[in-house]
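Below are the chains, spelled out letter by letter.
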Amino acid sequence: MSHASLNNSSALSRRFSVAPMMDWTDRHYRYFARLITRRAVLYTEMVTTGAVLHGDRQRFLGYNAQEQPLALQLGGSNASELAQCAALAEAAGFAEVNLNVGCPSDRVQNNLIGACLMAHPELVAEGVKAMRDACTIPVTVKHRIGINGRDSYAQLCDFVGQVHEAGCTTFAVHARIAILEGLSPKENRDIPPLKYEVVHQLKRDFPQLEILLNGGLTDLDVMQQHLQALDGVMVGREAYHNPYMMAEVDQRFYHDTTPPLSRLDVMAQMRPYIARHIEQGGVMHHVTRHMLGLFQGLPGARHFRRQLSTAIHKTDRPLALYDQLMSEMELRLQPRDCGPEPA
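Note that the structure is predicted; figures quoted are calculated from it, not measured.

Reading the values: rules and limits
Residues numbered from 1 in each chain as written. Predicted model: local features only at pLDDT ≥ 70, side-chain atom pairs only at ≥ 80, totals over all residues. Heavy atoms only, no water. Buried < 20%, exposed > 50% of the residue type's maximum accessible area, 1.4 Å probe, protein only. Helix = DSSP H or I, 4+ residues; strand = E, 2+ residues; numbered from the N terminus. Arc of directions from axis to C-beta. Contact = heavy atoms within 4.5 Å. Salt bridge = Lys/Arg side-chain N within 4 Å of Asp/Glu carboxyl O. Pairing = 2+ DSSP bridges. Axes fitted to C-alpha atoms, helices over the stretch in contact; angles between N-to-C directions. Lys, Arg positive; Asp, Glu negative; His and termini not counted. Polar contact = N/O pair within 3.5 Å; in protein donor to acceptor, adjacent residues only side chain to side chain. pLDDT = per-residue confidence, 0-100. Right-handed = clockwise from strand over helix to strand, strands pointing away. Core = buried A, V, L, I, M, F, W, Y, C linked by side-chain atoms within 4.5 Å. Phe/Tyr/Trp six-rings, centres within 6.5 Å; stacked < 30°, edge-to-face > 60°.

### Some points on helix 16 (residues 301-309)
- Buried within helix 16 we find Ala-301, His-303, Phe-304, Gln-307 and Leu-308. All buried residues of helix 16 fall inside an arc of 165° around its axis, so they share one side.
- Tucked into the core, helix 16 has its buried residues touching helix 14 (263-279), helix 15 (284-288) and helix 17 (318-333).

Okay, here's the thing in structure tokens:
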């Protein structure tokens, strides 16, 4: 798919997307995920505007063409910096640029990045307008349903209303509030209760907007039920820890009848990518750490995880270990000839 065709918003279907996750959704994970689902929209980790403007651009804006459709998630609140980054995102060929208004980390609060921006809807609106003026790709926002001290439904509507007026039409809503003091980012993903009904109410009150549901989603059947009323689901941890759940996504959410690759095929297709990474001076673990959940729930899953997370550090021939592991998994997955299967 060419960059040009992706820049048309209608070409980007967000029925299912993989949430941006710090330290997890790097380019290696995205390349791996794309072998499992051809259609889901993938997101980068959050990159701050400062990192893009003053850091190693190739590192922060680089990706493999195969990862498309791919969105860049930005963290920042300065309208002019956001605009410059949006223009760079478009030039780099990203299909979408997304503003993070959901991350509860202390590190980002001090710089007015992430969830604390929910208290400043006018600042978010200003940033969104500047980004939209600077690029032609879709500009979207990912946010919480509130923050402590600002968690009423009226305040959420005020936030969405102001940002929509600035031209944003797609909102990915994490159905929890963020507690900005006293909880770690990890606790903020678990402790505040999920309130899916708030996101459904938002869609009823803003029917013209594209509303994506994020937070705690693990079951594809449940996701399909949400999609009867909402426009898309955004899945985080489950898509990382149990990546092969995405093998059903293209058929279920996009009516794409192309058969998915098997787990072993995914492993085989990752091999040349890993070999290339090693040739370029990289370490195999940087790639394979994202693959640990590939056989989740199947015989040999623990062995697979252990080999790739522990044994890998004790060998000076990582690709040989990978090849051996591929053969072992193939054997473990062969049907056993032990009489009839239980019904």
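### Observations regarding helix 10 (residues 196-205)
- The complete set of buried residues in helix 10 reads Tyr-196, Val-198, Val-199, His-200, Leu-202 and Lys-203.
- If you follow the buried residues of helix 10, they end up packed against strand 5 (139-147), helix 8 (153-165), strand 6 (170-178), strand 7 (210-214) and helix 11 (220-226).

### Topic: the pattern of salt bridges
- Inspection of the entire model under this criterion finds 14 salt bridges.
- Put simply, Arg-14 and Glu-210 hold a salt bridge, and the shortest N to O gap is 2.7 Å. Separated by 196 residues along the polypeptide, Arg-14 in the loop between helix 1 (3-6) and strand 1 (16-18) and Glu-210 in strand 7 bring together distant segments of the chain. In terms of burial, Arg-14 and Glu-210 fall into one category: buried.
- Between Lys-186 and Asp-190 there is a salt bridge, with its nearest N and O atoms 3.9 Å apart.
- You can call Asp-190 partly exposed: its relative accessible area is 39%.
- Sharing partners across several salt bridges, the network here consists of Arg-14, Glu-96 and Glu-210.

### A look at the sheet that holds strand 2 (residues 41-48)
- Strands sit in the order 1-2-3-4-5-6-7-8 around a closed barrel of eight strands; the barrel is parallel. Going from strand to strand, the sheet's axes swing by 30° on average, the running direction of each strand aside.
- Judged from the five bridges that link them, strand 2 and strand 3 (residues 70-75) form a sheet pairing that is parallel. In the sheet register, Leu-42 faces strand 3, and the bridge partner there is Leu-70.
- In the packing of helix 5 (residues 79-91) onto the sheet, the strands contacted are strand 3 and strand 4 (96-101), and the crossing angle to strand 3 comes to about 165°.

### Some words on the side chain of Arg-34
- Relative to the helices and strands, Arg-34 is located in helix 2 (residues 27-36).
- Asp-250 provides the closest opposite charge to the buried, unpaired Arg-34, separated from it by 6.3 Å.
- At a separation of 3.2 Å, a polar atom in the side chain of Arg-34 contacts the main-chain carbonyl oxygen of Pro-69.
- Residues in contact with Arg-34, not counting those within four places in the same chain, are Arg-39, Ala-40, Leu-42, Gln-66, Glu-67, Gln-68 and Pro-69.

### Focus on the confidence of the model for the protein
- Per-residue pLDDT for the protein averages 93, and the proportion of residues at 70 or more is 93%.
- Between residues 1-10, whose pLDDT stays under 50, and residues either more than four places distant or in other chains, the model counts 15 contacts.
- Within the model, pLDDT remains below 50 along residues 339-343, and this stretch shows zero contacts once partners closer than five positions in the same chain are excluded.

### So, the pairing of strand 5
- Strand 5 sits mainly inside the fold: nine of its nine residues count as buried.
- Examined bridge by bridge, strand 4 and strand 5 share five bridges and lie parallel to one another. When the bridges of strand 5 are listed, Asn-98 appears paired with Thr-140.
- As defined by bridge partners, strand 5 adjoins strand 6 across six bridges and the pair is classed as parallel. From the neighbouring strand, Ile-147 faces strand 6, where its bridge partner is Ala-178.
- Once the chain exits strand 5 it traverses helix 8 before rejoining the sheet at strand 6, and the crossover so formed is right-handed.

### Some words on the nonpolar core
- In this structure, Phe-16, Met-246 and Met-270 are the most contacted members of the largest nonpolar core, which totals 99 residues.
- The biggest single contributor to this core is helix 2, with six residues.
- Excluding residues that lie within four positions of it along the chain, Phe-16 makes contacts with Ala-40, Val-41, Leu-220, Met-223, Val-233, Val-235, Met-245, Met-246, Val-249, Phe-253 and Tyr-254.
- Listed in part, the nine residues of the second largest apolar core include Leu-12, Val-41, Ala-172 and Leu-212.

### Considerations on the packing of aromatic side chains
- For the coordinates displayed, the defined rule picks out seven aromatic pairs.
- For the pair Tyr-31 and Tyr-273, a centre-to-centre distance of 4.0 Å together with 20° between the ring planes defines the contact as stacked. In this pair, Tyr-31 sits in helix 2 while Tyr-273 sits in helix 14, placing the two residues 242 residues apart along the sequence. Both residues of the pair, Tyr-31 and Tyr-273, belong to the buried class.
- Ring centres of Tyr-63 and Phe-94 lie 4.9 Å apart, and the angle between their planes is 50°; on these two criteria the pair is classed as tilted. One end of the pair, Tyr-63, is in the loop between helix 4 (57-61) and strand 3; the other, Phe-94, is in the loop between helix 5 and strand 4, and 31 residues separate them in sequence. For the pair Tyr-63 and Phe-94, one class covers both residues: buried.
- Taken together, the aromatic side chains of Trp-24, Tyr-29, Phe-32 and Tyr-240 make up a single cluster linked through ring pairs.

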